[in-house]
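Below are the chains, spelled out letter by letter.
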Amino acid sequence: MAWAPVCAAAVLVSLAQLALLGVQANEAVTAPPPPIAPPLRRGRSFEISYEQDAFLKDGQPFQMRSGSLHYFRVPRVYWRDRLRKLKRAGLNTVATYVEWSLHEPTPNQFDLGGEANLLHFIQLAEEEGLLVNLRVGPYICAERDMGGLPPWLLSLKPDIKLRTRDPVFMHYTKRWLDVLMPMVRPLLYGNGGPIILVQVENEYGSYPACDRPYLIWLRDLFRGHVHDAAVLYTTDGAGASYLNCGKIPGVYATVDFGSSSDPAAAFATQRKVEPHGPLVNSEYYTGWLTHWAEKEQTVASGDVLRGLRWMMDNNASFNFYVFMGGTNFGFTAGANFGKDYQPQLTSYDYDAPLSEAGDTTHKYHAIRGLILQYTGADASPMLRVSPKLSYGPILLQRVADIQALATGPPTTATYPRDFEELRQAFGYILYETRVPADYTPKKDNKALFMAQKIRDRGVVFVDQARRGVLCRTKPQRSGLSLSGVQAGQRLSVLVENQGRINYGGRLNDTKGLGNVTLDGRVLRGWTMTQLPLNNQTKIDALARRAARRVERRLNAAANANASANAAPRDPKQDVPGVYLGRFVLPPEYAFPSRERLEEHDGQPPLPDTFLDTSGWGKGVVFVNGFNLGRYWPSVGPQVTLYVPGHLLHPPPTQNTLLVVETDRAPEIPYLNLVDRPTLNGAVCGTGPGGAATAPAGAPTIAVSRVSCC
């Protein structure tokens, strides 16, 4: 990722260290310098007392008051600020998942530096007086693509049995943990660090494999790294069926549930598998996730407080999931599958106590107030909501068709090949073929074009004229009626990976077009143009080449007072393309305030802002080369994209907006930077839909979804 590092840049681990980790010398491992192991601190221990039904920290009973905050959803420059706010709410522990796919984006290339510097995040937590609950997995769910598992596993072995004794899965899991855990070991509580808990797997009782020997193998792998320096635990939904397969012998079992559950009943379920030991809710839901084409999900503060009060009264340990959600930047958002496929939003605001932009909310102050009733008064001043930047409109110019961002020449094959076969994890592939020369139109001159295995969404063109959309959700996957199709015409389908399934039994979620039929006839002879949109050099080069042309044709683009009516109309607004805009922030943003200099590590960011995508169709946006994520305002409910201020350039440096639009651009292409988010915009329709399968104890939320494509 492109966020500026706070400390040193990532470096290569030495060959001697690689040998110790069991990694071959030709396997590059990017990581920060390993921490110097502190001397063992005698008397430091974190353990479970089955006699006192409690955690013991250095021999004394301890109630964990934790909040989830994922380092991979928050820019590094903000980590300390968010941790400090979590601590100020009366919490004593921060929980974070560890995302394998982030740290090993391609096989054998390990990245634990820069924005992926997990060790720095843990060290900051310790500096802020927080303990750490490290949720390693290796599967994490977290509403992330493929539940945090690296999608290249599907390329190595298409029929891989994830989260089982499959030898390929076990091999790469062990290699990953043998890289990660030695780096984490000095930070375990018994070794002088802040990590008190390490999670093994994640909600395994919700996964149909129920491979107990795999769980025992994974337990022993963790034990070999952790020993007794921290407590190993599992978490599952508060239902007997979940704990039946989720419980691992010798690993402490906890449960998760939300504010709609009766805490006494939920913990009674935990007591069936752990008759003694601390009561622990490892995911107490402060809100809930939202999918595209679904109303924004919220949970009332009063409901959250009722369950919290019970846990405080009964000395139960808990972890708010989430205390701050953050953002699924780029293509990292996952998907669920209830009755149908349900891709998730770019925003992971989650209606959490800290907003997507890290601001305190009414829910934050309500939680803080209740906790302080039990733990004592806090004289710290009230936290302010950070100012946000408003700037607009920013005029854009179409500079290229989407093919300009292709990684190379097209690939040819008899039948369409999946993303994984082409070693592409994310983004788009343009599939193209010709109508067979011997094709004869039907009498009504209409042809049925079908791609029943499409995953996930495809925009269909005939000779570059848009004809409609096919997608994985009903009823669109039943086919598209094309009129006037003739032999020899070019058929094109721009297929998007909208996010791999992250929960349940459908994790092997490959992407692509699948076989296609025209009036029942299988089409052959395909070319595939790969558009992963991950080539920073190509994106920057396109922006540079087009910049002067854009400024000549839109000389008002750099003028904050420019009228959108001054822009020329887009003649190819229905053709997937690339749009470019440039802008300079007002002079008052040239120098950061002393206050903000003191609040942030390193170079302080400019104020955050939100990009309003109203009027656009579907696509992704890059700000100064950084992928903010997917937008889809025509479906909703998310309309704005969060723009962290550190991505922006202070004046007089120009900022660049690059938009990849796959559906339909506005007639006058422009965007606004606004000072507040819109996450509850109108959805594309109303009607019953398939609510995502959720663990027992998840919030009971009325879900209204339609199949919008």
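Here the structure is a predicted model, which means the values were calculated and not measured. (Residues numbered from 1 in each chain as written. Predicted model: local features only at pLDDT ≥ 70, side-chain atom pairs only at ≥ 80, totals over all residues. Heavy atoms only, no water.)

A. Just the overall build of the protein, in detail. Assigned secondary structure in the protein consists of 13 helices and 35 strands. In the protein, the share of contacts with a sequence separation of at least 24, taken over all contacts with a separation of at least 6, comes to 79%. With the model as given, the accessible surface of the protein reaches about 26,200 Å², and the carbon-plus-sulfur share is 51%. (Helix = DSSP H or I, 4+ residues; strand = E, 2+ residues; numbered from the N terminus. Contact = heavy atoms within 4.5 Å. Areas by Shrake-Rupley, 256 points an atom, 1.4 Å probe, with all protein chains shown as cover.)

B. Here's a closer look at the UniProt feature "active site" (unreviewed entry) in the protein. In this structure's numbering, the residues bearing the UniProt feature "active site" (unreviewed entry) are Glu-203 and Glu-283. Spatial clustering of the annotated residues is evident: they stretch over 81 residues in sequence, but the largest pairwise C-alpha distance comes to 10.7 Å. Along the chain, Glu-203 falls in the loop between β10 (195-200) and α7 (212-226). Residue class for Glu-203 comes out buried when judged on its relative accessible area of 6%. With respect to the helices and strands, the residue Glu-283 is situated in strand β13 (residues 280-285). (UniProt positions renumbered as here; feature names shortened; annotations may be inferred. Buried < 20%, exposed > 50% of the residue type's maximum accessible area, 1.4 Å probe, protein only.)

C. Spotlight on the state of the cysteines. In the structure shown here, the tally under the stated rule is two disulfides. The residue that forms a disulfide with Cys-210 is Cys-245, at a sulfur-sulfur distance of 1.8 Å. Between Cys-210 and Cys-245, the disulfide has an S-S torsion of -85 degrees and is therefore left-handed. Taken together, the residues Cys-210 in the loop between β10 and α7 and Cys-245 in helix α8 (residues 240-246) connect sequence positions 35 residues apart. (Disulfide = S-S within 2.5 Å.)

D. Quick look at the packing of aromatic side chains. Taken as a whole and assessed by the stated rule, the structure comprises 37 aromatic pairs. Both rings, one in Phe-169 and one in Tyr-214, keep their centres 6.1 Å apart while their planes meet at 55 degrees; by these two values the pair is tilted. Of this pair, Phe-169 sits in helix α6 (residues 167-184) while Tyr-214 sits in helix α7; the two residues are 45 residues apart in sequence, bridging distant segments of the chain. Accessibility classification places Phe-169 together with Tyr-214 in one group, the buried group. Ring plane angle 55 degrees and centroid distance 6.3 Å describe the contact between Trp-288 and Tyr-350, whose orientation is recorded as tilted. Taken together, the residues span a long stretch of sequence, with Trp-288 in the loop between β13 and α10 (301-313) and Tyr-350 in the loop between β16 (341-343) and α11 (362-375) at a distance of 62 residues. Like Trp-288, the residue Tyr-350 is buried in the burial classification. (Phe/Tyr/Trp six-rings, centres within 6.5 Å; stacked < 30°, edge-to-face > 60°.)

E. Structural context of the nonpolar core. Grouped together as the largest cluster of nonpolar side chains are 129 residues, with contacts concentrated most on Leu-162, Leu-180 and Phe-320. Of the residues forming this core, the biggest block, nine residues, is contributed by α6. Both domains that meet at this core, namely domain 1 (46-375) and domain 2 (387-400 + 533-555 + 574-589 + 603-686), each give it at least three residues. Apart from residues lying up to four places away in sequence, Leu-162 is in contact with Met-146, Leu-149, Leu-153, Leu-154, Phe-169, Tyr-207, Leu-507 and Asn-508. Counting residues in each nonpolar core, the second largest holds 26 residues, with Ala-447, Leu-480, Trp-526 and Met-528 among its members. (Core = buried A, V, L, I, M, F, W, Y, C linked by side-chain atoms within 4.5 Å. Domains from an automatic or database assignment.)

F. Representation of the side chain of Thr-235 within the structure. Inspection of the secondary structure assignment puts Thr-235 in strand β11 (residues 231-237). A polar contact is formed between the side chain of Thr-235 and the side chain of Thr-254, at a distance of 3.5 Å. (Polar contact = N/O pair within 3.5 Å; in protein donor to acceptor, adjacent residues only side chain to side chain.)

G. A look at the pairing of β11. A large share of β11 lies buried, amounting to seven of its seven residues. Where β10 and β11 come together, three bridges link them in parallel fashion. In the sheet register, Leu-197 faces β11, and the bridge partner there is Val-231. One crossover worth recording links β10 to the parallel β11 by way of α7, and it is right-handed. Sheet topology places β11 next to strand β12 (residues 252-258); five bridges connect them, and they run parallel. (Pairing = 2+ DSSP bridges. Right-handed = clockwise from strand over helix to strand, strands pointing away.)

H. Quick look at the sheet that holds strand β34 (residues 655-661). Taken in spatial order, the five strands line up as β18-β29-β34-β31-β32 in an open sheet, and their pairing is antiparallel. The open sheet is flanked by β18 (397-401) and β32 (626-631), the only strands paired with a single partner. Pairwise comparison of adjacent strand axes, ignoring direction, gives a mean angle of 25 degrees for this sheet. Two strands pair when backbone bridges link them, and strand β31 (residues 619-623) and β34 are joined in this way by five bridges, in the antiparallel orientation. Residue pairing in the sheet places Val-623 in a bridge with Leu-657 of β34. (Axes fitted to C-alpha atoms, helices over the stretch in contact; angles between N-to-C directions.)

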